[in-house]
Amino acid sequence: MGSIASNLQEVKQRIVAACAGTGRDAHGVTLVAVSKTFGADAVRAANAAGQCHFGENYVQEALVKIAALADLRAQLQWHLIGPLQSNKTRAVAEAFDWVHTVDRLKIAERLSAQRPATLPPLQVCLQVNIGGEASKSGLAPAEVPAVAQAVAALPRLVLRGLMSIPAPAADAAALRSPHRALRELLEQLNRQGLGLDTLSMGMSADLEAAVAEGATLVRVGSAIFGGRG
Ligand SMILES: *Cc1c(COP(=O)(O)O)cnc(C)c1O
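Residues numbered from 1 in each chain as written. Predicted model: local features only at pLDDT ≥ 70, side-chain atom pairs only at ≥ 80, totals over all residues. Heavy atoms only, no water.

(A) Geometry of the pairing of strand 4 (residues 98–102). Along strand 4, five of the five residues are buried, which leaves the element largely enclosed by surrounding structure. Alignment of strand 3 (residues 77–80) against strand 4, held across two bridges, turns out to be parallel. Along strand 4, the bridge assignment pairs Leu80 with Val99. Where strand 4 and strand 5 (residues 122–127) come together, three bridges link them in parallel fashion. Across the sheet, residue Val99 finds its bridge partner in strand 5, namely Val124. (Buried < 20%, exposed > 50% of the residue type's maximum accessible area, 1.4 Å probe, protein only. Helix = DSSP H or I, 4+ residues; strand = E, 2+ residues; numbered from the N terminus. Pairing = 2+ DSSP bridges.)

(B) Structural context of the site of the ligand. Within the structure, the ligand sits among 13 residues, and Lys36, Asn57, Ser204, Ser222 and Arg228 are positioned closest to it. Measuring from an oxygen atom of the ligand, one finds a side-chain N or O atom of Lys36 at 2.8 Å. For the ligand, an oxygen atom lies 2.7 Å from a polar atom in the side chain of Arg228. For the ligand, the protein covers 89% of the area, taking 390 Å² as the surface of the free molecule. For the shell around the ligand, the residue count by class is six nonpolar, four polar and three charged. (Near = heavy atom within 4 Å. Polar contact = N/O pair within 3.5 Å; in protein donor to acceptor, adjacent residues only side chain to side chain. Areas by Shrake-Rupley, 256 points an atom, 1.4 Å probe, with all protein chains shown as cover. Nonpolar A, V, L, I, M, F, W, Y, C, P; charged D, E, K, R; others polar.)

As structure tokens, then:
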């Protein structure tokens, strides 16, 4: 592994190459650097190299980091990409810019009610269990249209789109199929008038497959910050 700055450059090159290969504009893909388990110093180094979007999985860990980086707050966008329990929604509504892992209406209602009036609306995605895996969290695809309509109507949230964490796949075709299914679900919602613009999909191992299927946010951790041990 190189430095955080050189790793970031490599990941951006991968995104540019994946976009070029499928005729997309690389400006349509936002890199979310997943800083879970890494300290505030790693985020600071990435920000010094131009990175503004950061993803965190664990609410408590993230709150400590966000506080330690308060001097940079105006430049940073914090994305919650890990599971969210209802007893943590207030802290998340107060501290984050995005939540990718809304998987039931009750969580969305709490986030909307608890989002401080002094902050802009919270950007949210619905997490979808696109492969129907028993062990995974997320809404079943069939549940998504009704929940999406209800979440889109909440006053202090902006429903931006869908997120998924597909199971690891053995070959390129198997890597792409869950990403394609998520894109098709987004298109279905947009035909129902929702106007969604975000597909949060793709990680270090599958960002090319995700970009090829229309990812607009890719969540990359280990390729930037190194292994998590
Ligand atoms: C950890 C994590 C990532 C980043 O994974 P890498 O393989 O380190 O790139 C992306 N999305 C979610 C939801 C994660 O939990």
